[in-house]
Amino acid sequence: MEPLFEELSQITSQVDELSRYTQYFGLIAKIDELSSSIQTSLLVENAQDAVEAFQEMTTLYTELEISSCENLLRFHRNTILFWYKILKNKFASEFEDLLKAIKWPFVTVTLSKTPVVNQSEQRNEMASLFKKLLHVNLPSSLQRRRSLLNPALGRLHIAPQVLPLQLMLKPLKKRFKYHFYGNRQTNSLDKPEWYFTQVLAWIRDHCDFLELTIQPLLDEESNLVARVELMRGLVELVLEKMTTDLPLVMYDEHLFTHLIDEALLFDRELRTNYAYPANQPGAMHVLSQEEVFERWLVVEKRYAMEKVDAMMSSSSAWLSQYRDIADVDELKVPECGESFMTLMQTITDRYKHLPQPQHKLRFLALQQELLEDFRTRLVQVMKQEAQNVLGQQYCSILNTASYIVEVLQQWSELVFFLQLQFFKSEYEKEDQITQRLDDPPIMTTSNLSFSDYNTAMDCSITDSKAILESQFLISLEETVFDDMIDLFERLKSDMLKTVITYVFTDVKARSQPYRKDRWITLPSQQDVQGGVQGLSPTACEMFLILKSHLQTVESLISKPLFNQFWQRLAEKLNKFIFDEVILANHFSDGGAAQLEFDLTRNLFPLFGDYTKKPDAYFRQLKEACILLNLKVGSALLLKDVLEGDAHSDKTNVDPNSTVIDPKSSLYEIGIFKLTPAKSLTIINLRTNLTLG
């Protein structure tokens, strides 16, 4: 049986080999058949059949690419390339003749209307040739890398246009290279705007024709957009030109910055006005190349620093540009503060469309560095002006710090900066994972086994991931400007506190006569000659200086800052007068009435320009005046209630006894802020509540 089995195995192997030979020769015959079909179709001028046979040949090659039959694949590949060249040349020649007939490209400067293929014969011929060229495509593995003028563009992976659009771009590329290479006057390193403008003009002049004539043909065969394909081809010319010129201008700052400015304008107009897709390579991709980007960053920083120096040294640096327009100048931002944030916005606009997040983060770091430098400059000037707290310059610095905080808070909520925060968190998370994995856990046992070590490593990785996940969730609540906002907020708070302290101290210094007034001996209003009550003479200077400072500060700082200023000042004055005037004295009927008049008719109205209810910011003073001027009978009853509450034993309360709640009694007469104990203290300051 074994010899028979071996013989059958040999026969089976021979049959399989013959089968493979049959398939091999069958494929060769098929390729020859398709080749003959193409040849015959061309001889009888049946171009459509030739194209269909070529398509079948390329499809067969795609199916056979995984085969190990190298000779067969080489034969098949050479056959495809042979017929591709013939078909391409035949149809391309006819297509180019047709383009000339319709006067393509439309580059006449006097062009007023985009030509359209109106004649039926030309329109049909255009459609036929265009579709044939669309179908004459090499398999992707045979599409040779196009020869670019600069190999640096190879890494951008610019996909080639379909064949008919390559032919339509050919005369435009020829014109571009004629004008912007070599010794032509139009090839000028200091005039990059010439070729940027020319490309934009070509896009503008040809868009209508592409959308009306070419796009319907593409819609029948593919999902391509004719306008985008034309732009891709023209942008490739720009990128090649930029990579050629950049090494020549990189170390001439004037030429380099001018090229960058023009490239940014070109990219912005291309994507904004002509809807060039964001996923397609543009000028920003060339500027993102390592050497160019590093140089750009250095130059950007230097120019920014120079502009900041110019801002700070300007004679009008601390004056508002809108100081003469009251309705517009609520923030009272000085010229240097507004110019600096405009500079920051300009930098953002310049790097906003960079393709790589890490490059955007580098520019963000530059912005943060500029913010810190500007803050340091503000602090230095602030210290120089520390002796003139209510001066123009000091208050302008305060306005600037407040303005920057407000702008940075708004920017922090923009999608662009939220995305940067996400990328920053991702990079930090990757760095931390790498660091944790590079540092193995420290084991205390000297005879640790290999399996124990692996277990420890797994636990370390798991713990690291858990920690980093929690940190990442926390980072989503942060923004890229948090640190800067905190620093400027601290500067603003410290400066505002200094202004408040200065004004309060000045008012306090002029209050000594008022505090030492003989409130206990002042006559009542009925005893005053003429019966007309007026402001205490000892309060005049204090209130006048307070009014003057309020008006001065209001004219110097922004409205939001001034609102904080007067509210905090009112709070300090409320506590000061309560502690140093009311609690430090005893009051007769006349003294209590005079105090109420001074506060409710003179102090409170000083703040009436800023709020409809100024007394709401002097609750303690208002309620103290109520207690000091309460009718004697009511005051005695209230005093009795408050004293009863103060001396009662709250642990042994008779459930059958009637207890009057002191707080309810205080609420009835409008006392909500003062505690019962403090209210009793104030009532005891009255001299007219003696019994008997």
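One can find the structure itself at the top, above this paragraph.
The structure presented is a predicted model; accordingly, all values stated were derived computationally and were not measured.

Moving on to the packing of aromatic side chains. In total, this model carries 35 aromatic pairs according to the counting rule given. Between the aromatic rings of Phe176 and Phe180, the centroid separation amounts to 4.9 Å while the plane-to-plane angle is 55°, which identifies the pairing as tilted. Of the two residues, Phe176 and Phe180 are both situated in helix H5 (residues 163-180); the distance of four residues between them amounts to about one turn of the helix. For Phe176, a relative accessible area of 0% puts it in the buried group. Relative to Tyr610, the ring of Trp566 has its centre 6.0 Å away and its plane inclined at 35°; by these criteria the two rings are tilted. Separated by 44 residues along the polypeptide, Trp566 in helix H19 (residues 559-582) and Tyr610 in the loop between helix H20 (589-606) and helix H21 (619-628) bring together distant segments of the chain. By way of ring pairs, the aromatic residues Phe293, Trp296, Tyr351, Phe363, Trp411, Phe416, Phe417 and Phe481 are connected into one cluster. Of note, Lys241 hangs over the ring of Tyr181, and the distance from its end group to the ring centre comes to 4.8 Å.

In this model, helix H22 (residues 632-647) (16 residues) spans 22 Å end to end at C-alpha, consistent with the 22 Å of a helix rising 1.5 Å per residue. Among all positions in H22, only Ala635, Leu638, Lys639, Val641 and Leu642 are buried. In an axial view of H22, the angular spread of the buried residues amounts to 165°, which keeps them on one side of the axis. The outward face of H22, more than 90 degrees from its buried face, is lined by the exposed residues Leu637, Asp640 and His647. Where H22 is buried, its residues touch H21, helix H23 (662-668) and helix H24 (676-683).

Rules of the game
- Residues numbered from 1 in each chain as written.
- Predicted model: local features only at pLDDT ≥ 70, side-chain atom pairs only at ≥ 80, totals over all residues.
- Heavy atoms only, no water.
- Phe/Tyr/Trp six-rings, centres within 6.5 Å; stacked < 30°, edge-to-face > 60°.
- Helix = DSSP H or I, 4+ residues; strand = E, 2+ residues; numbered from the N terminus.
- Buried < 20%, exposed > 50% of the residue type's maximum accessible area, 1.4 Å probe, protein only.
- Lys NZ or Arg CZ within 6 Å of the ring centre and 35° of its normal.
- Expected span 1.5 Å × (residues − 1).
- Arc of directions from axis to C-beta.
- Contact = heavy atoms within 4.5 Å.

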